[in-house]
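Chain by chain, the residues:
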Amino acid sequence: MVVAIDGPAASGKGTLSQRIADAFGFAHLDTGVLYRAVGVSVLRAGGDPADNAAAARAAYELHPEHPILQEVALRTDEAAQAASKVAAVPEVRAALLDFQRRFASHPPGGAPGAVLDGRDIGTVVCPDAQAKLFVTASVEVRAERRLRELQRRGIPAISSDVLEDMKARDARDSQRAVAPLRPAVDAFVLDTSALDADQVFSMAVAHIGSKTGLKPAA
Ligand SMILES: Nc1ncnc2c1ncn2[C@@H]1O[C@H](COP(=O)(O)OP(=O)(O)O)[C@@H](O)[C@H]1O
Ligand SMILES: Nc1ccn([C@@H]2O[C@H](COP(=O)(O)OP(=O)(O)O)[C@@H](O)[C@H]2O)c(=O)n1
């Protein structure tokens, strides 16, 4: 059983995915972390994330136990920008595809299902997912959520920079040639601009139930 959750930055994908995974006993993979790790690896090696060869090399070196995947440095805006640059490189996407598909088909810990969140889960990584959600919100709402999150994590951030970075990333993610950000034709689109996390969760559970017959454990 695979649940695909896609959407733009700070729309609430990760929050929703973790809650869905907990409720159904599924494993959760935040695929954005993989792209962030590749971007940060390139920066640390002194490279340019938009350089195809450097980005592809870093992607082929990433493996599920790599310690960079746990680093808080992956959460910064700098990491997010680097991620969206390496994410436009076809070799990077190809290198990360196996990792993601293996997680979906063999969820760790023998879990009965997997929730993957990202930009292209319902369209490219798991086009046969039993339930697909596309979570979105206005860019202003998303920038405000991300700013508060960064402040909570103790990462310095300036409101106008977060908004501008988010717009730049939205444009890059939506306009790239390979696996652009867009809802799958069979995705349930959920605009969370005026919904809190509990409301989003309830609507998502109802949708998953309608598609799969599954109900969360009480
Ligand atoms: N429906 C919601 N309403 C308000 N804040 C939310 C909502 N969903 C998530 N958040 C908060 O917004 C921030 C970004 O959410 P996150 O789940 O990390 O988004 P994404 O994975 O899409 O980048 C987090 O601080 C999270 O707590
Ligand atoms: N499945 C995915 C996940 C992330 N990405 C890229 O990785 C970047 C960071 O993703 P993320 O999910 O960590 O970003 P946030 O939504 O958390 O801000 C995105 O801007 C995309 O460019 C992608 O291309 N495909």
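Every value quoted in this text rests on a predicted model; they were computed, and no experiment measured them.

Draft legend 1. Region of the structure containing the UniProt feature "domain: Cytidylate kinase" (unreviewed entry) in the protein chain. In this numbering, the UniProt entry assigns the feature "domain: Cytidylate kinase" (unreviewed entry) to residues 3-207. In the segment residues 3-207, helix accounts for 53% and strand for 11%; the C-alpha atoms at its two ends are 11 Å apart.

Draft legend 2. The arrangement of the sheet that holds strand β1 (residues 2-6) in detail. Read from one edge to the other, the open sheet built from five strands follows the order β2-β3-β1-β4-β5, with strand pairing classed as parallel. Two strands close off the open sheet at either side, each with one partner strand: β2 (27-30) and β5 (188-191). Strand-to-strand twist of the sheet, defined as the mean angle between neighbouring strand axes without regard to direction, takes the value 20°. With four bridges joining them, β2 and strand β3 (residues 114-118) adopt parallel strand pairing. Note on β3: the bridge partner recorded for Asp30 is Asp117.

Draft legend 3. Representation of the site of ligand 2 in the model. Close contacts around ligand 2 come from 19 residues, with Lys13, Arg36, Arg93, Arg146 and Asp173 the closest. The separation between an oxygen atom of ligand 2 and a polar side-chain atom of Arg93 is 2.8 Å. Arg119 is positioned with one of its side-chain polar atoms (N or O) 3.0 Å from an oxygen atom of ligand 2. Burial of ligand 2 by the surrounding chains reaches 97%, relative to a free accessible area of 530 Å². Of all the secondary-structure elements, those providing two or more residues to the shell around ligand 2 are α2 (32-44), α4 (77-86) and α8 (159-175). For the shell around ligand 2, the element with the highest residue contribution is α2, accounting for three residues.

Draft legend 4. The arrangement of the site of ligand 1 in detail. Near ligand 1 you find 15 residues, and of these Lys13, Gly14, Thr15, Arg146 and Arg152 are the closest. With respect to ligand 1, the side chain of Arg146 contributes an N or O atom lying 2.8 Å from an oxygen atom. Between ligand 1 and Glu149 there is a distance of 3.5 Å, counted from an oxygen atom to a side-chain nitrogen or oxygen. In isolation ligand 1 exposes 560 Å². Once the protein is present, 77% of that is buried. For the shell around ligand 1, the secondary structure elements donating two or more residues are α1 (13-24), α7 (139-152) and α9 (197-212). Among the elements that take part in the shell around ligand 1, α7 stands out by supplying four residues, more than any other. Here the shell around ligand 1 is built from residues that sort into five nonpolar, four polar and six charged.

Definitions and limits used
- Residues numbered from 1 in each chain as written.
- Chains lettered and ligands numbered in written order.
- Predicted model: local features only at pLDDT ≥ 70, side-chain atom pairs only at ≥ 80, totals over all residues.
- Heavy atoms only, no water.
- UniProt positions renumbered as here; feature names shortened; annotations may be inferred.
- Helix = DSSP H or I, 4+ residues; strand = E, 2+ residues; numbered from the N terminus.
- Pairing = 2+ DSSP bridges.
- Axes fitted to C-alpha atoms, helices over the stretch in contact; angles between N-to-C directions.
- Near = heavy atom within 4 Å.
- Polar contact = N/O pair within 3.5 Å; in protein donor to acceptor, adjacent residues only side chain to side chain.
- Areas by Shrake-Rupley, 256 points an atom, 1.4 Å probe, with all protein chains shown as cover.
- Nonpolar A, V, L, I, M, F, W, Y, C, P; charged D, E, K, R; others polar.

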